[in-house]
Amino acid sequence: MTTPQLAQEIAEFYSDHYDEQSRLADSACGVLELVRTQELLRRHLPPAPASVLDVGGGPGVHARWLAQDGYRVHLVDPVERHVAQAREASGAYTVEVGDARALTAADSSYDAVLLLGPLYHLPELADRERALAQALRVVKPGGAVVAAGIQRFAPLFDHMGHGRLHRDGLPERVGRVVATGRNEGEHFTSAYFHGTGQLADELRAAGLADVRVYGVEGPGDGALKAAELATGRRPAPDSELFRSALAAARLAEPHPELTVASSHLLAFGRRPDQAAAV
């Protein structure tokens, strides 16, 4: 199999223009995303010391706390800068350069596989299918596959929260993303943003069972962003506003119609016990 190539704009974005290592710590919205991702993963992953393959794990933000929780974690990422950053804590987990579409792991070798970044960086359906097929191949029968998506309305919420949605050209560009799911590199790389049902359908089509999709940040995300922009200060995790936003995210979980209020989606599926890997 020919090794897939990382898109040049993605390599340059994360190597030269954006620090992924600080994304979940530098804003209240980022902290909310981290806290919610942690609680959802802790709820659904098999107990430690299960083995976890963190595909597209970036600089190791999630690998670090998973290892601290007792999991045996191996991180794969295509960006050299991320791998170098992740190796700074490589005593807690192992790291390699790699691509979600061509994993080096053996068949049925991990208890859980995380795809917390690859799917939205693969605008073509065939590439997303390839990444999900690889995850299904390397996870053990009965094991969990977890995939993150950026929700299709996220650019609308983001530009509105920053007070720039009305500016020349933005309504049209955001409207195209909402209509097609395809982001053409405005304020981010080229990417694919999912609808809730669509992300679930892609996991089911890959052969995963018991699929469930959660909204990560919930409907309080916008209030946190607006408060931070208005005051220039990040609402602390113990502040009333942050605690309310976290409560709102938890309360929204049983209501699928509220999933669209979150900027990020987290989908959980299971490899059927008896099904052959793709």
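Residues numbered from 1 in each chain as written. Predicted model: local features only at pLDDT ≥ 70, side-chain atom pairs only at ≥ 80, totals over all residues. Heavy atoms only, no water.

(A) Just the packing of aromatic side chains, in detail. Overall, the coordinates contain six aromatic pairs when judged by the stated rule. For the pair phenylalanine 13 and tyrosine 18, a centre-to-centre distance of 5.3 Å together with 15° between the ring planes defines the contact as stacked. For phenylalanine 13, a relative accessible area of 16% gives the class buried. Put simply, the rings of Phe13, Tyr14, Tyr18, Phe188 and Phe193 pair up and form one aromatic cluster. Over the aromatic face of tyrosine 192 sits the side chain of arginine 128, whose NZ or CZ is 4.0 Å from the ring centroid. (Phe/Tyr/Trp six-rings, centres within 6.5 Å; stacked < 30°, edge-to-face > 60°. Buried < 20%, exposed > 50% of the residue type's maximum accessible area, 1.4 Å probe, protein only. Lys NZ or Arg CZ within 6 Å of the ring centre and 35° of its normal.)

(B) Up close: unusual backbone geometry. Across the junction of alanine 48 and proline 49, the peptide omega takes the value 15°, indicating a cis bond. Along the chain, proline 49 falls in the loop between helix H2 (28-44) and strand E1 (51-55). Here the phi dihedral of serine 108 falls at roughly 50°; this positive angle occurs in a residue that is not glycine. Looking at the secondary structure, you find serine 108 in the loop between strand E3 (94-97) and strand E4 (110-115). (Helix = DSSP H or I, 4+ residues; strand = E, 2+ residues; numbered from the N terminus.)

(C) Quick look at the pairing of strand E5 (residues 139-150). Here E5 lies mainly inside the structure; nine of its 12 residues are buried. Here E4 pairs with E5 via five bridges, running parallel. Note that in E5 the partner of alanine 112 across the bridge is alanine 144. A crossover connection joins E4 to the parallel E5 through helix H5 (residues 125-138); in handedness this β-α-β unit is right-handed. With seven bridges connecting them, E5 and strand E9 (residues 264-270) associate as antiparallel partners. The partner of isoleucine 150 across the bridge, within E9, is histidine 264. (Pairing = 2+ DSSP bridges. Right-handed = clockwise from strand over helix to strand, strands pointing away.)

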